Amino acid sequence: MEKILFNNFVRWQCSNSIEEITKKYANQYPKLNFDRIKQTLEQKIQDLSLSALIQDIHNWKKNKNNNSVNNEEEYREYNELFLTFKKKYPLLFRKINKLKNNFCDYTCTILDHIVKDQNNLLGEFEQPNIQAKELLNLKYDKGDTHNGGKSVVILEFSDKKLVYKPHSLSNE
């Protein structure tokens, strides 16, 4: 996972989204790495926001009295001022909210499908470790995105990986 730039801003935008998923599914998925899911969402928010954040920090640097010792100090100072950012970029915030909602809805759909289809998965693969309680990780964005940010997700169980496709396989 890449280092998150503007981490205060990104974490502020990500807050509560994954915590709700964790509360809802932690008992069914005791081995699932919810932190990796959160990191994925943080990376998506950063990717969407980065160019606006960079432009904004350059504008901020031009307009302030330069008392900072170095760029790292300026960055830390700016990273504490992100609350003013929302007023400047309302369209970006709408896009971030849509991204968060789509990502969380899709994650819940995947987790619900695993539980719902657990008996079929056990019958098809004849592996006792392909069940909700054995799911370790979700790896997102393994293909093109469609229909509100849905893409192929790799489901990693303790000794097997499955590909989750967000559409019917009847035509494949």
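Residues numbered from 1 in each chain as written. Predicted model: local features only at pLDDT ≥ 70, side-chain atom pairs only at ≥ 80, totals over all residues. Heavy atoms only, no water.

A.B. asks: Just to check I follow, could you spell out the packing of aromatic side chains for this structure?
C.D. replies: Aromatic ring pairs: the centre-centre distance and the angle between the two ring planes describe each pair. On inspection of all chains with the given rule, the structure shows three aromatic pairs. Seen in terms of ring centroids, F103 and Y140 are 4.7 Å apart; in terms of plane orientation they differ by 40 degrees. Their pairing is tilted. With F103 in helix α6 (residues 90-116) and Y140 in the loop between β1 (135-139) and β2 (153-157), the pair connects residues that are 37 residues apart, well separated along the chain. The same class applies to F103 and to Y140, which are both buried. (Phe/Tyr/Trp six-rings, centres within 6.5 Å; stacked < 30°, edge-to-face > 60°. Helix = DSSP H or I, 4+ residues; strand = E, 2+ residues; numbered from the N terminus. Buried < 20%, exposed > 50% of the residue type's maximum accessible area, 1.4 Å probe, protein only.)

A.B. asks: Please explain the sheet that holds β1 as it appears in this structure.
C.D. replies: The antiparallel open sheet is built from three strands, whose spatial order is β1-β2-β3. In this open sheet, the two edge strands, each paired with only one partner strand, are β1 and β3 (161-164). Sheet twist, expressed as the mean angle between neighbouring strand axes with direction ignored, is 20 degrees. The strands touched by α6 are β1, β2 and β3; relative to β1, the strand with the most contacts, the crossing angle is about 140 degrees. (Pairing = 2+ DSSP bridges. Axes fitted to C-alpha atoms, helices over the stretch in contact; angles between N-to-C directions. Contact = heavy atoms within 4.5 Å.)

A.B. asks: What is the right way to read the environment of K133 from this model?
C.D. replies: Examined against the element boundaries, K133 turns out to sit in the loop between α7 (118-125) and β1. With 107 residues separating them in the primary sequence, K133 and A26 have C-alpha atoms 9.4 Å apart. Among residues more than four places away in sequence, those in contact with K133 are Q28, P30 and K31.

A.B. asks: Would you explain the nonpolar core in this entry?
C.D. replies: A general trend in soluble globular proteins is that nonpolar side chains are found buried together. Residues Y29, L111, L135, L138 and L155 are the most contacted members of the largest nonpolar core, which totals 39 residues. Considering each element in turn, this core owes the most residues, ten residues, to α6. With residues up to four places along the chain from it excluded, the contact list for L111 reads I21, Y25, Y29, L32, L135 and L138. (Core = buried A, V, L, I, M, F, W, Y, C linked by side-chain atoms within 4.5 Å.)

A.B. asks: Help me understand the environment of N129, please; the structure alone is not making it clear to me.
C.D. replies: For N129, the position within the fold is in the loop between α7 and β1. A residue is classified by how much of its surface remains accessible, and N129, at 24% relative accessible area, is partly exposed. Taking the C-alpha atoms as reference, N129 lies 6.5 Å from S158; in sequence the two are 29 residues apart.

A.B. asks: Just to check I follow, could you spell out α6 for this structure?
C.D. replies: Between its first and last C-alpha, α6 extends 39 Å over 27 residues, near the 39 Å set by a 1.5 Å rise per residue. Turning to α6, its buried residues are L92, F93, I96, K100, F103, C104, Y106, T107, C108, I110, L111 and I114. (Expected span 1.5 Å × (residues − 1).)

A.B. asks: Is there a simple way to explain the pattern of salt bridges in this structure?
C.D. replies: If charged atoms from side chains of opposite charge come close, those side chains can pair. Applying the stated criterion across every chain, the model contains eight salt bridges. Among the ionic pairs, K161 bridges to E156, the shortest N-O distance being 3.8 Å. Judged by its relative accessible area of 56%, K161 is exposed. Look at the salt bridges and you will find they share partners, linking K139, E156 and K161 into a network. (Salt bridge = Lys/Arg side-chain N within 4 Å of Asp/Glu carboxyl O.)

A.B. asks: Is there a simple way to think about the packing of helix α2 (residues 17-25) against α6 in this case?
C.D. replies: Each pair of packed helices gets described by two things: the angle between the helix axes and the distance between those axes. Contact pair α2 / α6: the axes reach a minimum separation of 10 Å and the direction vectors enclose 15 degrees. When the axes of α2 and α6 are compared, the pair comes out roughly parallel. For α2 against α6, the interelement crossing comes out right-handed. For the pair formed by α2 and α6, the contact residues are S17, I18, I21 and Y25 on the first element and K100, F103, C104, T107, C108, L111 and D112 on the second. (Parallel < 35°, antiparallel > 145°, perpendicular 65-115°, else oblique. Left-handed = near helix turned anticlockwise from the far one by under 90°.)

A.B. asks: Would you take a moment to explain the pairing of β3 for this structure?
C.D. replies: Strand residues, when the strand is regular, have side chains that alternate between the two faces of the sheet. On β3, burial follows the alternation: L162 and Y164 on one face are buried, whereas K161 and V163 on the facing-out side are not. The pairing of β2 with β3 spans four bridges and is antiparallel. Across the sheet, L155 pairs through a bridge with L162, a residue of β3. Linking β2 back to β3 in an antiparallel pair, the connection comprises three residues.

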